[in-house]
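Residue strings, one per chain:
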Amino acid sequence: MPTKTTYQQSGDTAICRGDDPLNGDHGNVDEWRGTFDYAMVGQNSDPHYYASETIFRDPGVPQGRTIVEATLNTYITSDTGDTDARIYAEDTDDATVPSSLSDFTSRYGTGAYQVYTMGSNVNTGETWSWEITNVIQEIVDRSGYDELYEIGIFVVEDGDSTGYKSWGEDGNSYLEIKYKPTHPINFSASATDPNTIDLTWDAQDTTAVRIQRSTSSYPTSINDGTTVVDDVNMLDEAYTDDGLSENTTYYYSIWGVESIDGTTYYSDDYATASDTTPEAVTYPTLSTDLASNVEEYDMDLNGSIDDTGGEDCDERGFVYDTNSYSDPGDTNPSFGDYSQYVNETGSYGTGSFSLNASSMDANTLYYFRAYAHNSAGYAYGDEEAQKTKPTAPTALGTSPGAKEIELTWSGGEWDEVVLYRDGSQIYKGTSTSYTDTGLSSGTTYNYTIYGYNNANGESDGYNSGTETTLYGQLKYYDGSSWVVGTARVYDGSWNSNYLPKAYIDGAWRELEG
């Protein structure tokens, strides 16, 4: 909306006249003259003293606005001598001029008025400008005034006229008002980072703004503090104030600005807004804790965010690998040395967290670090290590003798194996075979075997086997070598369930060949 507006004369002009204004009743009218296509003020030869009202249309000055200048411009159509005039105004939602004497007398009379003497310097065919700023200011300051109303201008003889003047409606008669802009509304300041504050506002009817900034209090004039914006062509209703200091409160004041006929005017009032920049965000600080719930192919990795760095983290997780690496620094885990990572995204403050790391190999040592990310970047905790659980051998073979069983195994992932016979441990070591001796012939034995490492102990799974030792054996010489044969006793038939015995060293002993 402009801050300079022109009201064109609209329709006829009402003219009244009165007698004897010299008695102090300036502008006192008692005779209705009617409506004409011209206005008139002053004294004629009767003598009668004239008053007129003209309606001016196309209003638009908002209520309460400061009037810079208001002028009534009239094109003089007749002139008989010096004329003194007193000017009043009214605001009305009725676009017609008065239609009767009582209508006229009830409508004029602002408290403020302006007196002019039009002498020989105002002649027929010339334009006369009446400066009536104080009159219009009273109008727009009135309670109930509406910028959509018309403005009526009364020109009343002031009592010292020797002639009269009249003016017409040929387009050269108009009311021009210049007024200051208003200040923007809905002014807000929002710190977006330690060095930036975003400013927004609703410009209302101004096309430019002036913004002043201070760190102590709101600026109260356009020269108070630091000028942030002073743009007479600024149509955007937003500005980013950057280069600021962290953890500092900034106070802003905003004025409306308009250039009217080459002169810059600022709104009388201003709006304010403030905000405090946050502290600069630094890298988060983390701790890496021991793993838990360790299994053959996965484990839970544990850590904590000890310090967010001034801003909640938007990502946290763990990197892990079978090789040890130095601290990755500000590096996205996707591009670091660690071959695997697990993460989650969201908003995270300080505190412990845990994530399951999978796709691991059994009986393998893994190195891992906790990490987190905020706007400053990525940071990592110290490195920890944990070995996955072993798995049991996948095959267990047995080969029996009369008093021993030979066991062999293969497969699985382990550092050692633990071998049990009937629930009792008989072997722990790194070999892939073991001979269980001192057994009884013809006896069945049950074996279980587990994988083992020092970090986790025995494997959850196991392999098992059952084997029976053989009965006694004899060797006989077949003419070229000793051959193992099965010893049998004849007790009516050849029976292999009994071993032959010999009396040796004072005792009967079973013979085994």
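Residues numbered from 1 in each chain as written. Predicted model: local features only at pLDDT ≥ 70, side-chain atom pairs only at ≥ 80, totals over all residues. Heavy atoms only, no water.

Scanning the chain from N- to C-terminus turns up 2 helices and 41 strands. The proportion of buried residues among the 513 residues of the chain is 44%. A separation threshold of at least 6 residues defines the contact pool for the chain, and within that pool the share at least 24 residues apart is 71%. With the model as given, the accessible surface of the chain reaches about 23,900 Å², and the carbon-plus-sulfur share is 41%. (Helix = DSSP H or I, 4+ residues; strand = E, 2+ residues; numbered from the N terminus. Buried < 20%, exposed > 50% of the residue type's maximum accessible area, 1.4 Å probe, protein only. Contact = heavy atoms within 4.5 Å. Areas by Shrake-Rupley, 256 points an atom, 1.4 Å probe, with all protein chains shown as cover.)

Among the structural elements, Val281 can be located in the loop between β20 (271–276) and β21 (285–292). With relative accessibility at 22%, the residue Val281 sits in the partly exposed group. Remark: the alpha-carbon pair of Val281 and Pro194, spanning 87 residues in sequence, is separated by 7.9 Å. The residues touching Val281, leaving out its near neighbours within four places in the chain, are Pro194, Gly309, Gly310, Glu311, Asn374, Ser375 and Ala376.

Here we take up the pattern of salt bridges. This model, assessed by the stated rule, comprises 13 salt bridges. Across the pair Glu138 and Arg142 runs a salt bridge, and its minimum N-O distance is 3.8 Å. For Arg142, a relative accessible area of 26% puts it in the partly exposed group. Salt-bridge contacts for Arg210 lead to Asp230; the nearest nitrogen and oxygen are separated by 2.8 Å. (Salt bridge = Lys/Arg side-chain N within 4 Å of Asp/Glu carboxyl O.)

The next subject is the confidence of the model for the chain. Per-residue confidence for the chain gives a mean pLDDT of 85; residues scoring 70 or more make up 83%. pLDDT under 50 marks residues 21–26. Its contacts with residues more than four places away, or in other chains, come to 12 contacts. (pLDDT = per-residue confidence, 0-100.)

A word on the pairing of strand β5 (residues 49–56). Burial analysis of β5 places 8 of its 8 residues in the buried class, which makes it a mostly covered element. Neither face of β5 is exposed, since Tyr49, Ala51, Glu53 and Ile55 on one face and Tyr50, Ser52, Thr54 and Phe56 on the opposite face are all buried. The pairing of strand β2 (residues 13–18) with β5 spans 5 bridges and is classified as antiparallel. Residue Gly18 lies in a different strand from β5, and its bridge partner there is Tyr49. As defined by bridge partners, strand β4 (residues 38–43) adjoins β5 across 2 bridges and the pair is classed as antiparallel. In the strand pairing of β5, Gly42 is matched with Tyr50. (Pairing = 2+ DSSP bridges.)

Its location among the elements puts Thr430 in the loop between β32 (424–429) and β33 (433–436). Overall, the relative accessible area of 57% leaves Thr430 in the exposed class. Along the primary structure Thr430 and Val418 are separated by 12 residues, whereas in three dimensions their C-alpha atoms are 9.1 Å apart. Beyond its immediate sequence surroundings of up to four residues, Thr430 is in contact with Trp414, Asp415 and Glu416.

With that settled, consider the sheet that holds strand β13 (residues 185–193). Sheet strands pair by backbone hydrogen bonding; their relative direction is either parallel or antiparallel. The antiparallel open sheet is built from 3 strands, whose spatial order is β13-β14-β17. Every other strand in the sheet has two partners, leaving β13 and β17 (238–242) as the edge strands with one partner each. Shown here is a sheet whose adjacent strand axes are inclined to one another by a mean of 20°, direction ignored. Relative to β17, strand β14 (residues 196–202) runs antiparallel, the two sharing 5 bridges. Looking at the pairing, Thr200 lines up with Ala238 of β17. (Axes fitted to C-alpha atoms, helices over the stretch in contact; angles between N-to-C directions.)

Right, let's talk about the environment of Ile211 for a bit. On the secondary structure map, Ile211 appears in strand β15 (residues 208–214). Beyond its immediate sequence surroundings of up to four residues, Ile211 is in contact with Phe187, Leu199, Trp201, Thr226, Thr227, Val228, Val229, Tyr252, Ser253 and Ile254.

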